[in-house]
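Here is what each chain is made of, one letter per residue.
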Amino acid sequence: MTTPRATEIVREAVLGAPEEADPAWPWHRPGVYAVAPGVFRIPLPLPDAGLHSVNAYVLDEPDGVVVVDPGQATPDGREHLARGLEMLGRHPRQVRRCLVTHVHRDHYTRAVELRREFGPSVALGRREQRSLALIADPAHSVVGAQLELLLRCGATGLARELADADDGVPRDLYEEPDTWIGDEEVQLGSRVLRAIPTPGHTRGHLVFRDELSGLLLAGDHVLPHITPSIGFEPDVPARPLGDYLRSLALVRALPDTWLLPAHGHVTRSVHRRVDELQEHHAHRLEETVAPLLERTSTAAEVASHLRWTRRRRAFEDLGPFDRMLAVLETRSHLDVLVDRGRARRVDEDGVERYAGV
Ligand SMILES: [Zn+2]
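Residues numbered from 1 in each chain as written. Predicted model: local features only at pLDDT ≥ 70, side-chain atom pairs only at ≥ 80, totals over all residues.

**Q** Quick one: what's the story with the sheet that holds strand 10 (residues 192–197), residue by residue and with numbers?
**A** Here we have five strands laid out as an open sheet, ordered 9-10-11-12-13, and mixed in their pairing. Looking along the sheet, the strands with just one partner apiece sit at the ends: strand 9 (184–187) and strand 13 (258–261). Neighbour-to-neighbour, the strand axes of the sheet open up by a mean angle of 25 degrees, direction not taken into account. Here four bridges tie strand 12 (residues 215–219) to strand 13, and the two strands are oriented parallel to one another. Its bridge partner being in strand 13, L216 is matched across the sheet by L259. (Pairing = 2+ DSSP bridges. Helix = DSSP H or I, 4+ residues; strand = E, 2+ residues; numbered from the N terminus. Axes fitted to C-alpha atoms, helices over the stretch in contact; angles between N-to-C directions.)

Laid out in structure tokens, this is it:
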């Protein structure tokens, strides 16, 4: 991928100034975006065309640079981060610390690569420990847990289609971080970030909150344009959507701040987007329960009747990976309905079927 070289730092969202990003300006256009004093967003291209890019946030501290989510280990990602730092008068060797919101390849793997090249310390959420160990193990399929679940969801054909799936990232990049962090304060040179565990997108997902500057580095927990996938990780928890909804409520209960997402523009209000996400899931639970009142169904059957993505695409028009996410997300919604007494689950020969109550 060749992208034009950015030459100026764009003011995207400066605290106190009444401007949000221009929606006509693609959030993933290469460059450096000044978000707040000392805080910059650098979108890094991803090989995954659907996501476009991942935002690395650079916190330019007096004693060096801190990068939150340095992205995926790709030549393009490396180059764009280096260029962005150069525009800030910095060099990758001045990065002294990487804070990573979760274990997914598009957030974590470049941190390990940076550490190998320049030695910054890497921190990741403590509850990612088991998933990281499983991903690092070459004997373990990156979608192994998902394939087993697909069989339980009645999606046998799809499981077969995905049997050889791989994430294309060398397994040795999933090294352990220097620090496992949980609910704690992270002291940087000139600011304090509070790391807040927000399980759901993954088990050990963290957001970083800068209370004084009114910023939430939200990773994939709260995204402005899309709803994050739920429980796509090797160590899948029992109720990932229940966890996610609780984590949304947790963030909603804190005073409102700017939203600094890992994919998408910076926007003014975390609360506004959390409200939309909660509404989306409430609506989705109703759409999911409706067919069960007619007949008992597997998660795969329910998923095939729902519309997917922002563009409301038909299930069969999705690629196999997205169909997998769709079936598993439907299963998560069905399990929340069971927990709320709106549906019941019957296991028949290893396949789960759901009925309305
Ligand atoms: Zn992501």
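**Q** Lay out the packing of helix 6 (residues 240–252) against helix 7 (residues 270–289) in plain terms, naming residues and giving numbers.
**A** Between helix 6 and helix 7, whose axes approach to 10 Å, the crossing angle comes to 155 degrees. Of the possible angle classes, the one that applies to helix 6 and helix 7 is roughly antiparallel. When you trace helix 6 past helix 7, the crossing you get is left-handed. Residues L245, L248, V251 and R252 of helix 6 form the contact with helix 7, whose participating residues are V270, H271, V274, L277, Q278 and H281. (Parallel < 35°, antiparallel > 145°, perpendicular 65-115°, else oblique. Left-handed = near helix turned anticlockwise from the far one by under 90°. Contact = placed C-beta atoms within 7 Å.)

**Q** I'd like a description of the pairing of strand 11 (residues 206–210), backed by residues and values.
**A** Side-chain positions along a regular strand alternate between the two faces of the sheet. Counting buried residues in strand 11 gives five out of five residues, a clear majority hidden from the surface. Residues L206, F208 and D210 of strand 11 are buried on one face, and the alternating residues V207 and R209, pointing to the opposite face, are buried as well. In the sheet, strand 10 pairs with strand 11 via four bridges, with the strands oriented antiparallel. Counterpart to I196 in the pairing with strand 11 is V207. Across three bridges, strand 11 lies against strand 12 in antiparallel orientation. (Buried ≥ 20, exposed ≤ 12 C-beta atoms within 10 Å, placed from the backbone.)

**Q** Which residues make up the environment of E128, and what values do they have?
**A** Along the chain, E128 turns up in the loop between strand 7 (121–125) and helix 3 (129–136). Exposure remark for E128: the 25 C-beta atoms within 10 Å place this residue in the buried category. Distance in space between the C-alpha atoms of E128 and T202 is 7.7 Å, their sequence separation being 74 residues.

**Q** Lay out unusual backbone geometry with the relevant residues and their values.
**A** Of note in the backbone geometry, H52 takes a positive phi value of approximately 70 degrees without being a glycine. Its place among the elements puts H52 in the loop between strand 3 (39–45) and strand 4 (53–61).

**Q** An account of the pairing of strand 10 is needed here, citing residue identities and associated values.
**A** Judged from the four bridges that link them, strand 9 and strand 10 form a sheet pairing that is antiparallel. In the strand pairing of strand 10, V186 is matched with L193. Between strand 9 and strand 10, which pair antiparallel one after the other, the connecting turn spans four residues.

**Q** Give a description of the sheet that holds strand 2 (residues 32–36) that names residues and reports values.
**A** Strand order in the open sheet formed by eight strands is 1-2-3-4-5-6-7-8, and the pairing between neighbours is mixed. Two strands close off the open sheet at either side, each with one partner strand: strand 1 (9–11) and strand 8 (179–181). Neighbour-to-neighbour, the strand axes of the sheet open up by a mean angle of 30 degrees, direction not taken into account. As judged from the three bridges shared by strand 2 and strand 3, these two strands associate in the antiparallel manner. Within strand 3, the residue paired with Y33 across the bridge is R41.

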